[in-house]
Amino acid sequence: MSLLDSLYREGALRTVDHALAQSLRRLDRDTPDRVLAAAALASQAIARGHAAFDPRRPQLLTEAAIEWPDGDQWLAALADSRWIATPQADRPADPAAPLVLERGLLYLRRYREYERRLAQGLRRIAAFAPAPADLPALAPLFAALFPDARDDDRQARAAALALLQSLLLATGGPGTGKTTTIARLLVLLIAQARLDGVPPPRIALAAPTGRAAERMAESLRAAAERLCTLDAVEASLCDALPRQASTLHRLLGSVPDSPRFRHDARNPLAFDVIVVDEASMVDLPLMCKLVEAVPDGVRLILLGDRDQLPSVEAGDVLAAIVDAAGDDDGLPAEWAVQLRPLLGEDTPVQHAAQPLSAYRVHLRRGYRQAESLDLAPLAEATRAGDADTALELLRGGVLAGVHFHEDLHDPLAGGGRERLLSAWREIGATDDPAQALALAAKLRLLTAMRDGGQGAAPLNARIEEALAGSHRPAYFHGRLLLVTENSYRHGLFNGDIGVCLRPRGDEHAGAATVAWFAGGSDGVRGFHPSALPAHGGAFAMTVHKAQGSEFDSVWLQLPRQDARHLSRELIYTGLTRARRELHIAASEAVLRLALSRHAARVSGLSWRLGA
Ligand SMILES: Nc1ncnc2c1ncn2[C@@H]1O[C@H](COP(=O)(O)OP(=O)(O)OP(=O)(O)O)[C@@H](O)[C@H]1O
């Protein structure tokens, strides 16, 4: 049997992947089987979040027992094929060939072009420094905003760097002050415009999902309020801070039924500063389109946590950019001298010669989760894949707010059941939409997968039955809903959580159930459930869907059996969703296997950026 047929028969390919190979065969019957199979796998790779297919590591795409060709021989066959272009690194690929082979990776041409254009765009943004700021004049305000600036404070370094340059990659775990730093930086940029006698900068705040954008706006508003209490910061500076954030799709202007956006290189974004939060969730095509829509001299600030799960779509863009940047061990000597009025004499000077390393600042110190939840040591052990330490911390019960339920595979059995259900019953006890949504944000059951014994879908069904009985109405009072697609018409986005409330009491007899979501001028928006975009239950949800959200209390349930997509990034993302309390239920074996695995994605972006 041919390689292509075995792959299809083993379920390793989707119909669309197989169809691509079939169409190549139709066009040229002599196309070798290995080329057809590789073309199908290059298409399948995108569905699995990779930017390309690596013929030396085909096992990344399937566990099926396939007799794989030797990697080098396979690559040689691909290089010879008429369907596969082998362009120079910085050159566009021949549009006549649907595939591109580069540095041992086989791409669908479109994705190779996204990578190439993204790398080019980032280098362009980095190369255009904005108009120089009057740093000595800004120094008193800078010192008030960053009192530790002269003691190698990373937050100060990030802000100073962004005053000097157009590109900033500010990375750090939850609560390391990314938003706080950006709020302070924006105050400085507004103050600088005042000093220059020009209008304040036009600032865009954006995030990949609606929920993440909302959270970004909330954090920025909170940071702005704290800033207003500082004597050195005039109220009018705080008032000029943006209070709203949008999704990246909205910022770029999505065009219905088209992958294109209204804003692109020819019609760039009309902003002076563009801040993107949760950059780890941005996929390759979107990041490419964003970067191309940023005009020369405009600041692009990417905020994110490299250790979180990569975007579900093709990419792992933030990780690739951060890998290309390497460690942030200081500033280039010339910039350190320029920034002396703000940072003093002792800024470490960087020796790394990687092109993007100068633009990255990694915030290390956590400021949140102080008393009630001591998550940092566990997050660090998870990030590092150190299962021994993670298990010791969990079993020792030494971390405030962290509870380990070893070998518990059913969160609805034993002591956990009442803890979870009683919190959700509270939602059903209220008739007030705002209160119900606030209660909904208190607790979430997070799972590694959607289906299967410990999956979100069956757990939701069981929870709903426990709360409302087996003959419950589809949209019973107190049911939580999770939107699973973006709908600009509704202003509802993948990941948004709503709550169903049925007006109660005689005066409401016959009134329809309303699904309430946060937002709008009244703080809540109501929809008839039948008018909602695609949605499902939300008492339990996957860690993937919870990315960009936080909850007071998180119950992270790992599956009984290992699964290939369990990774340290998945666990890290799940546990860092908790604000006050974390319950984690797992067996030692599954936890160890998960922490031993990276959510690795095949990508050529790092080397394109010069790593
Ligand atoms: N330099 C600082 N000094 C004191 N508190 C700080 C400092 N930086 C941040 N914080 C506090 O830490 C908390 C988290 O800050 P912030 O929201 O800016 O972090 P973040 O990195 O954006 O978090 P997340 O990734 O969850 O969005 C806030 O309460 C903030 O006031």
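Rules and cut-offs
- Residues numbered from 1 in each chain as written.
- Predicted model: local features only at pLDDT ≥ 70, side-chain atom pairs only at ≥ 80, totals over all residues.
- Heavy atoms only, no water.
- Buried < 20%, exposed > 50% of the residue type's maximum accessible area, 1.4 Å probe, protein only.
- Helix = DSSP H or I, 4+ residues; strand = E, 2+ residues; numbered from the N terminus.
- Pairing = 2+ DSSP bridges.
- Right-handed = clockwise from strand over helix to strand, strands pointing away.
- Near = heavy atom within 4 Å.
- Polar contact = N/O pair within 3.5 Å; in protein donor to acceptor, adjacent residues only side chain to side chain.
- Areas by Shrake-Rupley, 256 points an atom, 1.4 Å probe, with all protein chains shown as cover.
- Nonpolar A, V, L, I, M, F, W, Y, C, P; charged D, E, K, R; others polar.
- UniProt positions renumbered as here; feature names shortened; annotations may be inferred.
- Salt bridge = Lys/Arg side-chain N within 4 Å of Asp/Glu carboxyl O.
- Phe/Tyr/Trp six-rings, centres within 6.5 Å; stacked < 30°, edge-to-face > 60°.
- Lys NZ or Arg CZ within 6 Å of the ring centre and 35° of its normal.
- Axes fitted to C-alpha atoms, helices over the stretch in contact; angles between N-to-C directions.
- Contact = heavy atoms within 4.5 Å.
- Core = buried A, V, L, I, M, F, W, Y, C linked by side-chain atoms within 4.5 Å.
- Left-handed = near helix turned anticlockwise from the far one by under 90°.
- Expected span 1.5 Å × (residues − 1).

**Student:** Sorry, what's going on with the pairing of strand β18 (residues 551-557) here?
**Tutor:** Each regular strand carries side chains that alternate between the two faces of the sheet. Where burial is concerned, most of β18 is hidden: seven out of the seven residues are buried. Pairing of strand β11 (residues 443-447) with β18 involves five bridges; the strand directions are parallel. Bridge assignment links Arg444 to a residue of β18, and that residue is Val554. Where β18 lies against strand β19 (residues 578-586), six bridges are found, and the strand directions are parallel. Paired with Gln557 across the strands is Ala585, a residue of β19. Taken together, β18, helix α22 (residues 568-575) and β19 form a β-α-β motif whose crossover is right-handed.

**Student:** Is there a simple way to think about the site of the ligand in this case?
**Tutor:** Neighbouring the ligand are 14 residues; Gln155, Lys178, Thr179, Thr180 and Arg226 lie closest to it. Residue Gly177 places a main-chain N or O atom 3.0 Å away from an oxygen atom belonging to the ligand. The protein chains hide 77% of the 630 Å² of surface that the ligand would expose on its own. Mapped by element, the contributors of at least two residues to the shell around the ligand are α8 (178-196) and α9 (210-228). Per element, the largest residue contribution to the shell around the ligand is three residues, and it comes from α8. Residue composition of the shell around the ligand, by class: two nonpolar, seven polar and five charged.

**Student:** Just to check I follow, could you spell out the pairing of strand β14 (residues 514-518) for this structure?
**Tutor:** With burial as the criterion, only one face of β14 is covered, namely that bearing Ala515 and Phe517; the residues Val514, Trp516 and Ala518 on the opposite face remain uncovered. Looking at chain direction, strand β13 (residues 497-501) and β14 are connected through four bridges and run antiparallel. If you follow Val499 over to β14, its bridge partner there is Trp516. Pairing of β14 with strand β15 (residues 524-527) involves four bridges; the strand directions are antiparallel. Of the residues in β15, the one forming a bridge with Trp516 is Gly526.

**Student:** Hey, could you run me through the UniProt feature "domain: UvrD-like helicase C-terminal" (unreviewed entry) in the protein in this one?
**Tutor:** Feature annotation in UniProt places "domain: UvrD-like helicase C-terminal" (unreviewed entry) on residues 538-584, given in this structure's numbering. Along residues 538-584 one finds 26% helix and 36% strand; the C-alpha atoms at either end are 18 Å apart.

**Student:** I keep staring at the pattern of salt bridges and nothing clicks. Help me out?
**Tutor:** Think of it this way: side chains of opposite charge can pair up when their charged atoms draw near. One pass over the full model with this rule turns up 34 salt bridges. Among the salt bridges present, the one from Glu113 reaches Arg112, with a minimum N-O distance of 2.7 Å. You can call Glu113 buried: its relative accessible area is 8%. Of the residues examined, Arg112 reaches a relative accessible area of 0% and is grouped as buried. A salt bridge links Arg580 to Asp552; the nearest nitrogen and oxygen atoms lie 3.8 Å apart. Of this pair, Arg580 sits in strand β19 while Asp552 sits in strand β18, placing them 28 residues apart in sequence. Judged by relative accessible area, which is 17%, Asp552 ranks as buried. Connected via shared salt-bridge partners are Glu102, Arg112, Glu113, Glu115, Arg116 and Arg608.

**Student:** I tried to follow the packing of aromatic side chains on my own but got confused; where do I start?
**Tutor:** Any two aromatic rings considered together are summarised by their centre-to-centre distance and by the angle between their planes. If you walk through the whole model with that rule in mind, you get seven aromatic pairs. Ring geometry for Phe142 against Phe146: centres 5.0 Å apart, planes inclined by 40°, an arrangement best described as tilted. According to the relative accessible area criterion, Phe142 is buried, its value standing at 0%. Relative accessible area serves as the criterion here: at 1%, Phe146 is assigned to the buried category. An aromatic cluster is defined as three or more aromatic residues linked by ring pairs; in this entry it consists of Phe53, Trp68 and Trp74. Residue placement shows Arg82 over the ring face of Trp83; its charged tip is 4.4 Å from the ring centre. Across the ring face of Phe146, the terminal group of Arg184 is positioned such that the distance to the ring centre comes to 5.7 Å.

**Student:** Please explain the sheet that holds β15 as it appears in this structure.
**Tutor:** By way of backbone hydrogen bonds, the strands of a sheet pair with one another, either parallel or antiparallel. Pairing in this open sheet of five strands is antiparallel, and the strands run β15-β14-β13-β12-β16 from one edge to the other. Two strands lie at the open edges of the sheet, namely β15 and β16 (535-537), each paired on one side alone. Across the sheet, the mean angle separating the axes of adjacent strands is 35° when strand polarity is ignored. One ladder, built from three bridges, connects strand β12 (residues 480-483) with β13; its direction is antiparallel. The residue of β13 that forms the bridge with Leu481 is Gly498. Seen against the sheet, helix α19 (residues 433-440) touches β12, β13, β14 and β15 and runs at an angle of roughly 130° to β13.

**Student:** Honestly, the nonpolar core in this entry has me stumped. Any pointers?
**Tutor:** When a protein is soluble and globular, its nonpolar side chains tend to lie buried together. Of all hydrophobic cores here, the largest spans 133 residues; its most connected members are Phe142, Ile274, Leu290 and Leu300. At 10 residues, helix α3 (residues 33-47) tops the list of elements feeding residues into this core. With sequence-adjacent residues up to four places away left out, Leu300 is seen in contact with Ile125, Ser166, Leu167, Leu168, Ile274, Val276, Leu290, Val291 and Val294. Leu391, Val554, Ile571 and Tyr572 belong to the second largest nonpolar core, which has 64 residues in total.

**Student:** So what exactly am I meant to see when it comes to the packing of helix α2 (residues 15-27) against α3 here?
**Tutor:** Packed helices, taken two at a time, are described by the angle their axes make and the gap between the axes. In the contact formed by α2 and α3, the axes pass within 8 Å of each other and the chain directions differ by 145°. Of the two elements, α2 crosses α3, and the hand of that crossing is right-handed. Here Asp17, Leu20, Ala21, Leu24 and Arg25 of α2 come into contact with α3, specifically with Leu36, Ala39, Ala40, Ser43 and Gln44.

**Student:** Can you walk me through α9 in this structure?
**Tutor:** Every α-helix winds through 3.6 residues per turn, so residues three or four apart in the chain are directed the same way. With 19 residues, α9 should reach 27 Å at 1.5 Å per residue; the first-to-last C-alpha distance of 27 Å fits that figure. Within the span of α9, buried status applies to Gly210, Arg211, Ala212, Ala213, Arg215, Met216, Ala217, Leu220, Ala223, Ala224 and Leu227. On the buried face of α9, the contacting elements are α6 (135-145), α8, β5 (203-207), α10 (235-239), β6 (246-247) and β7 (273-276). Structurally, the start of α9 carries an N-cap: the backbone nitrogen of Ala212 is 3.0 Å from a side-chain oxygen of Thr209.

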